[in-house]
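Residue-level listing of the chains:
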Amino acid sequence: MTANLKQRAERQESEVDSPLKPMLHTEADAAAEELNGAAGAAEESEELIGIFYVENRRRKQNIKIVVKLCPDGVYLRRETTQNDHINEQLIRIDDIIGSSCGQRLKKRTRGGLNSCKSTKNQEQQQQQEQHQHPDEDDYGEEDQQRKAADTSAYLYIYAYLKKEKPLRRVQTLRILRFRTSDDYAENLATARLWHRTIRKHKRRSGAAGETARAAGKKLLILLNPKSGSGKGRELFQKQVAPLLREAETQYDLQITTHPNYAQEFVRSRKDLMERYSGIVVASGDGLFYEVLNGLMGRMDWRRACRELPMGIIPCGSGNGLAKSIAHHCNEPYEPKPLLHATLICVAGRATPMDVVRVELNHRDKHYVMYSFLSIGWGLIADIDIESEKLRSIGSQRFFLWAIRRLITLRCYRGKIYYLPAKSSTGQPAGAAAAAAKAAESGPETPAGQANNQSEPQSPEFSEFRDLPDDEDVELRDSQSDPDQFADALSLDRSIYRQNADSWHSAVSRRTAYYSIGGHSSRSNRSRLNVTQRIEAANAEFNQLMPKGTIPGLQLPLPAADGWLHEEGEFVMVHAAYTTHLASDCFFAPESRLNDGLIYLVIIRAGVGRSQLLNFLLGLHSGTHLPLEEDPHIQVVPVRAFRIEPSGSHGIITIDGERVDYGPIQAEVFPGLINVMTTTGQ
Ligand SMILES: Nc1ncnc2c1ncn2[C@@H]1O[C@H](COP(=O)(O)OP(=O)(O)OP(=O)(O)O)[C@@H](O)[C@H]1O
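Residues numbered from 1 in each chain as written. Predicted model: local features only at pLDDT ≥ 70, side-chain atom pairs only at ≥ 80, totals over all residues. Heavy atoms only, no water.

A.B. asks: For this particular structure, what's the right way to read the packing of helix α8 (residues 261-268) against helix α10 (residues 285-296)?
C.D. replies: Geometry of a packed helix pair, given as the angle between the helix axes and the separation of the axes. At their nearest, the axes of α8 and α10 sit 7 Å apart, and the two run at 25° to each other. If you check the angle between α8 and α10, you find them roughly parallel. As α8 packs across α10, the resulting crossing turns out to be right-handed. For the pair α8 and α10, the contacting residues are Y261, A262, Q263, V266 and R267 in the first and L287, E290, V291, N293, G294 and L295 in the second. Residue composition of the contact of α8 with α10, grouped by class: 6 nonpolar, 3 polar and 2 charged. (Axes fitted to C-alpha atoms, helices over the stretch in contact; angles between N-to-C directions. Helix = DSSP H or I, 4+ residues; strand = E, 2+ residues; numbered from the N terminus. Parallel < 35°, antiparallel > 145°, perpendicular 65-115°, else oblique. Left-handed = near helix turned anticlockwise from the far one by under 90°. Contact = heavy atoms within 4.5 Å. Nonpolar A, V, L, I, M, F, W, Y, C, P; charged D, E, K, R; others polar.)

A.B. asks: Can you help me understand the site of the ligand in this one?
C.D. replies: Surveying the vicinity of the ligand reveals 22 residues, the closest of which are T256, S283, G286, E290 and S317. The contact in question runs from a nitrogen atom of the ligand to an N or O atom on the backbone of T257, over 3.4 Å. Between the ligand and E290 there is a distance of 2.3 Å, counted from an oxygen atom to a side-chain nitrogen or oxygen. When the ligand sits alone it has 630 Å² of accessible area, and the protein chains cover 89% of it. The element contributing the most residues to the shell around the ligand is α10, with 4 residues. Residue composition of the shell around the ligand, grouped by class: 3 nonpolar, 14 polar and 5 charged. (Near = heavy atom within 4 Å. Polar contact = N/O pair within 3.5 Å; in protein donor to acceptor, adjacent residues only side chain to side chain. Areas by Shrake-Rupley, 256 points an atom, 1.4 Å probe, with all protein chains shown as cover.)

A.B. asks: Which parts of the structure should I look at to understand the environment of L292?
C.D. replies: As for its placement among the helices and strands, L292 is situated in helix α10. Of the residues examined, L292 reaches a relative accessible area of 0% and is grouped as buried. Taking the C-alpha atoms as reference, L292 lies 9.5 Å from M369; in sequence the two are 77 residues apart. Apart from the residues lying within four places of it in its own chain, the contact partners of L292 are M310, V355, Y370, S371, F372 and I673. (Buried < 20%, exposed > 50% of the residue type's maximum accessible area, 1.4 Å probe, protein only.)

Bear in mind that shape data such as this cannot, by itself, settle questions of function.
Listed below in structure tokens is the structure:
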């Protein structure tokens, strides 16, 4: 088909869509040889063309449809003799999630276009059809006989057409019926050729997932049956599994049985990259956090992050990441978040996403964990956690608790430090410039020890790097004594876990943190006792972990390195690195998945209640931030920050979960992981 035809197809898409839908059944025509010819020569061909017929029972006529499969997708061109009218439709290859071929499906499928080709005489065939199919809805014994007599092969094409205004996906099924031959095997061979060609075009369109699938890899799906309303398993079977079937996606479903199950599974599974093409979390943001930290806990974390894109199917209560990803690739979210998110996960494309490395101090220990959504201190963290007791009333709990907290407004004293993101001119960007100005008049940044770490990377270097060469790391892993090391590491982990339980037990479900212990040599490990081996493994593991580029939490942050500093009373400091904190909280509208930025929203003491009310009400639509410079509410794009609360009472959250109250610092690692999207890079 020509470019002209393509243009017309785009123009007339909606016009074609509805007339085609009600058409059922098919009839053949003498052009079958054309298809045969095309099919025979087309094994390596980019294009397949067939002529199909649909019967329009109302008008008692057959309508000819020319179907062309090419790298763009499937063109359907309908020709009628009346008025010389032509309608065209293009089903884009990106909108096709999969296809299947074989015998006629027993269950009536919705929205289908049945078409066929045959060498048989058209009228004779039609009579035979009518005799054999007195009632299309009858699927009893008669149906079985009919099926047995039917030598046709069927190709089912499953598509979800993307439409704008309103943004939505329209479920569409097109069925092509092949009956050129009286031999089912021959018809099936033709249908299979079309099926293979669809997959080939999907692969070539950049869907890396297709390549992984071709290599026999599966998706790993981790489902938390307790997340959200607790109906995750049921929702998965009803809404997600049918889509995965349509998309021909092979998967392993792991139902989590307890907190940390997913983290441990991902961390310890040896053949993770060999077996799986990606990891999908069917849960809330909490389980995604576990999987992220499980990957980061692997010796081969670098390869795991690179090779295993992560996806999320929102079954939780907040679902900030799922909404942020949908927003990023301009995909719909409501009214069917599970369906839309599954479509993203089966699209087979991935986009790099920033991860934030967080350091915490607790008692004498120093912990590192990885976050993907937000860090909160003050108002929003308080509302989030304190309203847990009203969980039974649903999302209304946030609103009710927000009102309560507005009446009894709290402020927290402390210090905040941040490293503003630089614009290309080297100056602090946008709001950061205002922050810089405000901070200049504030107290001096404490002069301190020289930063013994390298200059922090600019976010313009969007790929995270901390070691010169990936391959070196992998080589080293394979050259070491893996068994001995794995033993030592697992012993080490069990000790962490005891600490983890005591550390976070009552207040947090978070357990992903690693002690940054002292270094010890791993040479002569075989002569070391168990404790020494644990220490050695621990030290080696820490060597391999991504290195922070800012001074450690106990060290000062020198103004000379660009750190700004502010001390005072704050209503809230909330840092976000995705657009949405929850599906209905558009917190950082400017944020991009891979921009290397943390959006630090600071609300200082002295803010008026009405201003605060407007802020909270505007969160839903992303209109909460002041358009002009404001002394009380400010958003600063930063690359790193530190909070040092003065008192010992308050709430700090990471990705919506409470952690111990105390000093915390965070630094963004641009594009460290890959998340599943429909757009790709
Ligand atoms: N089988 C299980 N039983 C109890 N808790 C579990 C189980 N599996 C996982 N968890 C824990 O439940 C926590 C919360 O899960 P998740 O985030 O999926 O749901 P949610 O809290 O309802 O959603 P959101 O984070 O969006 O509010 C996770 O941190 C995880 O550790």
